[in-house]
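Listed below, chain by chain, are the residues.
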Amino acid sequence: MTQLMKGVVYRDTHTAAWHHLSVLQPHVRDHVAVLGLVVVVDESEGYAYLKSRPEDPDLPPVPRLVPRRSLSFHVSLLLALLRRKLAEADASGSDPRLVLSRRQIIDMLTVFMPSGTDDARLVDQIDAHLTKVIELGFLRRTKDKEPSFEVRRIVKAFVDAQWLADFDARLSEYAAELSPDAEGAA
């Protein structure tokens, strides 16, 4: 329970907590329901987390225990791009872990950053966005010599396939607006 209250529980990194959650899942569900929370367990992906109970007009409202966090555009963009990369990796049937180098992430985001920005400043901004995504638990640093990051599968729970498809169309429009060709045509 304690580990679940602190954040996401992963099968691969929180083995004892995962085992206890698997065995005691009905009791945990009952316990957190009193607090207005719901346990979400994805056995196939290997993670579990708590979220606020959906509003129910038949039940009295419960104060929100799990805070909502508003994300900046670039952090949201990075999450969408990571989710798309994860979907592509799943479709190819390769390794269940998706590891991206820092350079790959920078290259993914650079397309959507305003042109004319100093390269060093741009990389610093991207590093700040990366740090935020790591703090949120969607990326984990690997122990490789070259800076690289494992995309945590929990991103699938927060960026679903429908939202990703809609966002993909908006990203294409946004990239077209930022491209140098679009500025010459305007």
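Relevant structure appears above.
Chemist: Where do I start with the nonpolar core in this structure?
Modeler: For soluble globular proteins, nonpolar side chains are generally found buried alongside one another. In terms of nonpolar packing, the biggest core is built from 35 residues, with Leu78, Leu82, Ile105, Val133, Leu139 and Val151 touching the most fellow members. The greatest single-element share of this core, amounting to 9 residues, is contributed by helix H3 (residues 73-92). With 10 residues, the next largest nonpolar core counts Trp18, Leu21, Val32 and Val39 among its residues.

Chemist: It is not clear to me how the packing of aromatic side chains should be interpreted in this structure. Could you clarify?
Modeler: Each aromatic ring pair is described using two quantities: the centre-to-centre distance and the angle formed by the ring planes. Counted according to the given criterion, the structure contains 3 aromatic pairs. Through a chain of ring-to-ring contacts, the aromatic side chains of Tyr47, Tyr49, Phe138 and Phe158 assemble into a single cluster. The aromatic ring of Tyr10 is capped on one face by Arg152, whose charged end is 3.5 Å from the ring centroid.

Chemist: How should the side chain of Arg83 be read in this particular structure?
Modeler: One can find Arg83 in helix H3. Put simply, Arg83 is tucked away with no salt bridge, and the nearest opposite charge, on Asp90, sits 5.5 Å away. Residues contacting Arg83, with those up to four places away along its chain left out, are Val155, Lys156, Val159, Ala161 and Leu164.

Here is what the cut-offs are and how they apply
- Residues numbered from 1 in each chain as written.
- Predicted model: local features only at pLDDT ≥ 70, side-chain atom pairs only at ≥ 80, totals over all residues.
- Heavy atoms only, no water.
- Core = buried A, V, L, I, M, F, W, Y, C linked by side-chain atoms within 4.5 Å.
- Buried < 20%, exposed > 50% of the residue type's maximum accessible area, 1.4 Å probe, protein only.
- Helix = DSSP H or I, 4+ residues; strand = E, 2+ residues; numbered from the N terminus.
- Phe/Tyr/Trp six-rings, centres within 6.5 Å; stacked < 30°, edge-to-face > 60°.
- Lys NZ or Arg CZ within 6 Å of the ring centre and 35° of its normal.
- Lys, Arg positive; Asp, Glu negative; His and termini not counted.
- Salt bridge = Lys/Arg side-chain N within 4 Å of Asp/Glu carboxyl O.
- Contact = heavy atoms within 4.5 Å.

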